[in-house]
Amino acid sequence: MKLSNFNFELPKELLAEYPSENRDEARLMVLNRKEQTIEHKKFKDLIDYFEPEDVMVLNNTKVFPARLYGNKEKTGARIEVFLLRELNSETKLWDVLVDPARKIRIGNKLYFGDDESLVAEVIDNTTSRGRTLRFLYDGSYTDFRKKLQDLGQTPLPKYIKREVEPEDQDRYQTIYAKQEGAVAAPTAGLHFSKHLLKRLEIKGINFAEVTLHVGLGTFSPVEVEDLSKHKMDSEQAFIEDPAVNVINKAKAEKRKVCAIGTTVMRVMESSVSSNLTLNEFGGWTNKFIFPPYDFSIANCMVTNFHTPKSTLLMMVSAFAGHDFIMRAYEEAVKEKYRFYSYGDAMLIL
């Protein structure tokens, strides 16, 4: 499979800038791999495809407000700083992206907030846009993190051209988000409402939670035609014992194990034992899944509609079959499904 196999024409008007008014009212395209059929439903109809004791695996990562705006010392130039990951909590070292990068050199200082109470010094260049910052802050670590929260904005994807709105803080977060650390939401989970989760629970569906802190690497463009040469950025992930037990039991009983999103699929496939069961995991994964690929744990998945040539489309294609997924995407465009973070969803059985 080559990069060009994953290209398709995506009209700009299908990129969703706002979510559905009610989370579970988004549209749902249902793909049956065995029958090669496509159905058009609402997300809340998801419940009809599951039986008691089936398992849905959720990514409980929580998005933090990772986008800051500061001013460069002396010139006062406005600089966007996107927090990627904390390197050292004691010295307040962070990996970040800066824009415009050409203006930011080692030794520069950036000032944040109207009162300039937060200062950062550039101590290293990591990539063309990447920098390592040391934050200088008089106060406890808890106060420092609160300051980042107060100054930061919800990091909406770049394709959303509108200004961030206060509502985005809740909109761009799953209702089961717990573990802070993501710079982007695990978007398949954005469609679940409290009401739908309750209905699934009453029906007897079991839930297992894993954590994968989504980084920007998930959305990094693939720039090589030969997919085997693409390198994914590492993302931090955790699978704990309770989730392992629930998932392995369902697998042994030949029930549905449904990955809610590509992030869940990636973390589970990063920790498979030699007898094809799930292991506990704690660390970093740079797993890149593209066709052909044999999946070991999940036998169904919920996902959003992804952009052309994205690693996410490649994974979904590996799971559903390349020709089938491209036919489904052709139909999605024709039927005006909404794409990407705030868009509609797909269930692959």
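Quick note: structure is the one above.
For clarity, every value in this text was computed on a predicted model and none was experimentally measured. (Residues numbered from 1 in each chain as written. Predicted model: local features only at pLDDT ≥ 70, side-chain atom pairs only at ≥ 80, totals over all residues. Heavy atoms only, no water.)

Colleague: How would you sum up the packing of helix H5 (residues 262-269) against helix H6 (residues 311-320)? Please name residues and give values.
Modeller: Viewed as axis vectors pointing N to C, H5 and H6 meet at an angle of 70 degrees, and their least axial separation amounts to 10 Å. Relative to H6, H5 is oriented roughly perpendicular. Once H5 is placed against H6, the crossing between them reads as left-handed. Taking contact as the criterion, the partners of Thr 262, Met 265 and Arg 266 in H5 are, on H6, Leu 312, Met 315, Val 316 and Phe 319. Considering only residue class, the contact of H5 with H6 consists of five nonpolar, one polar and one charged. (Axes fitted to C-alpha atoms, helices over the stretch in contact; angles between N-to-C directions. Helix = DSSP H or I, 4+ residues; strand = E, 2+ residues; numbered from the N terminus. Parallel < 35°, antiparallel > 145°, perpendicular 65-115°, else oblique. Left-handed = near helix turned anticlockwise from the far one by under 90°. Contact = heavy atoms within 4.5 Å. Nonpolar A, V, L, I, M, F, W, Y, C, P; charged D, E, K, R; others polar.)

Colleague: So what's going on with the sheet that holds strand E7 (residues 93-99)? Residues and values would help.
Modeller: Strand order in the closed barrel made by the six strands is E5-E6-E7-E10-E9-E8, with antiparallel pairing throughout. When strand polarity is set aside, the average angle formed by the axes of neighbouring strands in this sheet is 45 degrees. Its contacts with the sheet place helix H1 (residues 141-151) against strand E5 (67-72), strand E6 (78-88), E7, strand E8 (109-112), strand E9 (118-125) and strand E10 (130-136), and it is angled at close to 90 degrees to E9. (Pairing = 2+ DSSP bridges.)

Colleague: Talk me through the side chain of Thr 154; I want residue IDs and the actual numbers.
Modeller: As for its placement among the helices and strands, Thr 154 is situated in the loop between H1 and helix H2 (168-171). Since its relative accessible area comes to 10%, Thr 154 is described here as buried. Beyond its immediate stretch of four places on either side in the chain, Thr 154 contacts Pro 65, Arg 67, Val 164, Asp 168, Gln 169 and Tyr 172. (Buried < 20%, exposed > 50% of the residue type's maximum accessible area, 1.4 Å probe, protein only.)

Colleague: Any chance you could break down helix H3 (residues 194-203) for me, citing the residues and the numbers?
Modeller: Every buried residue belonging to H3 is among Leu 196, Leu 197 and Leu 200, and all of these are buried. End-on, the buried residues of H3 take up no more than an arc of 100 degrees, which puts them together on one face. More than 90 degrees from the buried face of H3, the exposed residues found are Lys 194, His 195 and Ile 202. The secondary structure elements touched by the buried residues of H3 are strand E3 (55-59) and strand E12 (206-212). Two residues or fewer after H3 comes Gly 204, characterised by a positive phi angle close to 105 degrees. (Arc of directions from axis to C-beta.)

Colleague: Give a description of the packing of H6 against helix H7 (residues 322-334) that names residues and reports values.
Modeller: It is the contact of H6 with H7, at a shortest axis distance of 7 Å, that shows an interaxial angle of 120 degrees. One element, H6, and the other, H7, form an angle in the oblique class. Two secondary-structure elements touch here, H6 through Leu 313, Val 316, Ser 317 and Ala 320 and H7 through His 322, Phe 324, Ile 325 and Tyr 329. Looking at the contact of H6 with H7, its residues break down into six nonpolar, two polar and no charged.

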